[in-house]
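# Structure assessment
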Amino acid sequence: MERDYPLERVRNFGIIAHIDAGKTTTSERVLFYTGAQHSIGEVHEGDTTTDWMEQERERGITITAAAITCFWAPTYLAEADRKDAKKKFRFNVIDTPGHIDFTVEVKRSLRVLDGAVVVFDGVAGVEPQSETNWRYAEEAQVPRICFINKLDRTGASFERSYKSILDRLSKKAVRFQIPIGEEDKHEGVIDLLKMKAYYFEGNMGNQVLEKEIPEAYVSDATKYRGELVERIVENDEGLMTAYLEGKAISLEALKETMRKAVIENKIFPVMTGSALKNKGVQLVLDAVVDFLPSPLDIPPVKGLNPNTNEEVLRHASDTEPFSALAFKLQADPFVGQLTFFRVYSGTIESGSYIYNSTTGNKERLGRIVRLQANQREEVKKVFAGEIAAAVGLKEAKTSHTFSDEANPIILDQITFPEPVISLRIEPKTKADQEKMGMALKRLSDEDPTFKIKSDQETGETVIMGMGELHLEIIVDRMKREFSVEANVGKPQVAYKETITGTAEVENKYIKQTGGKGQYGHVKINIKPLPKYDPEEKIPKNASREPGFEFVNSIKGGVIPIEFIPAVEKGIREAMDRGILAGYKMTDISAELTYGSYHDVDSSEIAYKIAASQAFQEAAKKAKPVILEPIMKVEVVVPEKFMGDITGNLSSKRAQIEAMEDRFELKVVRAQVPLSEMFGYVTALRSMTEGRGSSTMEFDHYAIVPKNVELEIIEKRTGGKA
Ligand code: GDP
């Protein structure tokens, strides 16, 4: 079967935005203009954190599907060409979530998209989450186009927003458009390369009209075009020379060089408009075609061959061995579980078996679909560089790699932060009990930062996630999608424990009863595990993972090899139970140095108990401490509240890192322990007459001060310790 679309006409991109900047509105316009959707649902009413799920129900398929496929012919083509299917580009628009608790989802989607449109609110400019997302995009080196949206709003300013991008995100941003009018006078935009003005008329601004630049804007446009051209020609020696010699440079040459520069992350073109007022979105789509990379333009993907542990590369070619990444699981109301995947190399057909190189198992790949705005297109074969969804895979989870079994590869793993918050959850009725278990499992398969465990003492179910809102949404989804009613407890901080010193302990576990006894004897040595470095060569006798290392230094078989795994298991179990306040221990290296055995009485269980006891004793001696999650917090308030806000933060053990101006407001950035931040949104509102806002995200774990440690221990043990 032939490839259905030339790869150079495919664009895998995402729309990234701070919550409320207009991602939903922009996405809906994209679907409308690409002809996929014929009526536009507005979103200005309703609860923005959950309305998308309701919307999903109403529409069958949502604009928040993990990936939507649509087709676009650039507006600058002649009318007949625009209708020609061969001239169209295939867009796979990959969803990125808006809220800070889900930035890890942004990270994950950045793995599979080749370029991004970053949407800004034209009133607020760069907001904290734009910075976080920008940083992730920077790490992943994803080429970006900026779109300053909402230019029609009162208080909107293109120049101010543009400046906030330069100041806070990147000096590589450059005006590619300027607006014609702002606020209620916003009429259209000027393309600085073509030096033309664009207006949007007809149904939903469907018609793009090209006109001459209005007299009043000619001088600004000329000046800014000069800047843009200079920035472009810098990237090409030939053009630079021609430019310096004052020769005319063709539009084609400028576009081509700009495309290269954008793909290499040397230029971020800045565009503008108003999604709500139907201005500018089509030109952003033209820019996606002109400047964002096709799968052929990006570097080959890297991974490990699990058999040899060697690094291997895969190019976007149909003839290379198959490799793909599962990047999102999503429940579809009509076809069931969808596993979205991106093929990096080779091809895969429906009806074949798919090899999961992460688990080492194979599954039958029944059907493959591609989601369009109002239909699911059945796909027979998926080619390199493409995105599609498998129906009904049971085993695959987010971030698993699929590959050719004969040429296995595990693509670079995405590292997800550990959950920092937990709460108890209890089904309302007996009937909910079983459903709840299933629902939670499904949700945690979808989301690697959402975990479930059961409390060993009480048997209750505990769910863990990245923030209060994250868990609220999980509980809400359980209710809507799985009809499970549950009572939830108060959110709790997910503390951890570790050691700061070293200790060595020898321990024997011996039982002599009538018949066969028990005999386990170990000597173990524990020390803090240095920061996990995936590049480091790990010695043959050690196994290491983030948070734990086990080293077997037994010589001369003083403990038979078959009992060694039991020793490791005993230590792990003791770590799970904690030593100070019952929190899981982390960042420990444990070395088994010596021991002995008994011909008859030695058993796995005896070594497990011996090791577990030895570890507990050692951990007590090795200066144990409690760790707490520290959050990066940003508070934005009018100046007159600054004193109160910083005073209040200081009383929360905050470290204030910066105070700066943002337009008419003050911004405070601080690092604050999560335990001090519960209910902060409400408290801030009352401290600032409702005018303050804040965002918060996990930064790192740090040792809690002694007095706090005592409080935590007291709480957990009821003062028994
Ligand atoms: P998201 O949270 O980023 O998905 O943002 P939405 O698309 O839901 O938009 C948030 C709010 O801003 C909604 O009330 C939209 O109607 C409004 N909005 C979006 N784009 C524009 C725009 O271009 N102009 C104006 N005035 N409002 C907009």
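Now for a look at the structure at hand.

## Considerations on the nonpolar core
Ranked by internal contacts, the top residues of the largest apolar core, which has 97 residues, are Phe13 and Phe91. At eight residues, the largest contribution of residues to this core is made by helix H10 (residues 281-291). When near neighbours in sequence (up to four residues on either side) are disregarded, Phe13 contacts Phe91, Asn92, Val93, Ile94, Leu113, Gly115, Val117, Leu285, Val288 and Leu292. In this structure, Ile463, Val633, Ile645 and Leu649 belong to the second largest nonpolar core, which totals 47 residues.

## Some remarks on the side chain of Lys652
With respect to the helices and strands, Lys652 occurs in the loop between helix H15 (642-650) and strand E37 (655-662). An unpaired buried charge is present at Lys652: no salt bridge exists, and Glu676, the closest side chain of opposite charge, is 5.1 Å distant. Beyond its immediate stretch of four places on either side in the chain, Lys652 contacts Val672, Pro673, Glu676, Met677 and Tyr680.

## With respect to the pairing of strand E15 (residues 336-345)
Along E15, nine of the ten residues are buried, which leaves the element largely enclosed by surrounding structure. The sheet contact formed by strand E14 (residues 323-332) and E15 spans nine bridges and is antiparallel. Each residue of the ladder has a partner; that of Leu325, found in E15, is Arg342. Bridge count for E15 against strand E22 (residues 387-391) is five bridges, and the pairing is antiparallel. Each residue of the ladder has a partner; that of Leu338, found in E22, is Val391.

## A short note on the sheet that holds strand E17 (residues 353-356)
An order of E18-E17-E23-E14-E15-E22-E19-E20 is seen for the eight strands of this open sheet, with the pairing classed as antiparallel. This sheet does not close on itself; its edge strands, each paired only once, are strand E18 (361-364) and strand E20 (375-379). With direction set aside, neighbouring strand axes in the sheet form an average angle of 40°. In the packing of helix H11 (residues 430-446) onto the sheet, the strands contacted are E14 and E15, and the crossing angle to E14 comes to about 145°.

## Comments concerning the site of the ligand
What surrounds the ligand is a group of 17 residues, the closest being Asp20, Lys23, Thr24, Thr25 and Asp152. Between an oxygen atom of the ligand and a side-chain N or O atom of Asn149, the distance comes to 3.0 Å. Contact distances for the ligand include 3.2 Å between an oxygen atom and a backbone N or O atom of Leu276. In the complex, 88% of the free accessible area of the ligand, which totals 570 Å², lies under the protein chains. Classifying every residue of the shell around the ligand by side-chain character gives five nonpolar, seven polar and five charged.

What counts and what doesn't
- Residues numbered from 1 in each chain as written.
- Predicted model: local features only at pLDDT ≥ 70, side-chain atom pairs only at ≥ 80, totals over all residues.
- Heavy atoms only, no water.
- Core = buried A, V, L, I, M, F, W, Y, C linked by side-chain atoms within 4.5 Å.
- Buried < 20%, exposed > 50% of the residue type's maximum accessible area, 1.4 Å probe, protein only.
- Helix = DSSP H or I, 4+ residues; strand = E, 2+ residues; numbered from the N terminus.
- Contact = heavy atoms within 4.5 Å.
- Lys, Arg positive; Asp, Glu negative; His and termini not counted.
- Salt bridge = Lys/Arg side-chain N within 4 Å of Asp/Glu carboxyl O.
- Pairing = 2+ DSSP bridges.
- Axes fitted to C-alpha atoms, helices over the stretch in contact; angles between N-to-C directions.
- Near = heavy atom within 4 Å.
- Polar contact = N/O pair within 3.5 Å; in protein donor to acceptor, adjacent residues only side chain to side chain.
- Areas by Shrake-Rupley, 256 points an atom, 1.4 Å probe, with all protein chains shown as cover.
- Nonpolar A, V, L, I, M, F, W, Y, C, P; charged D, E, K, R; others polar.

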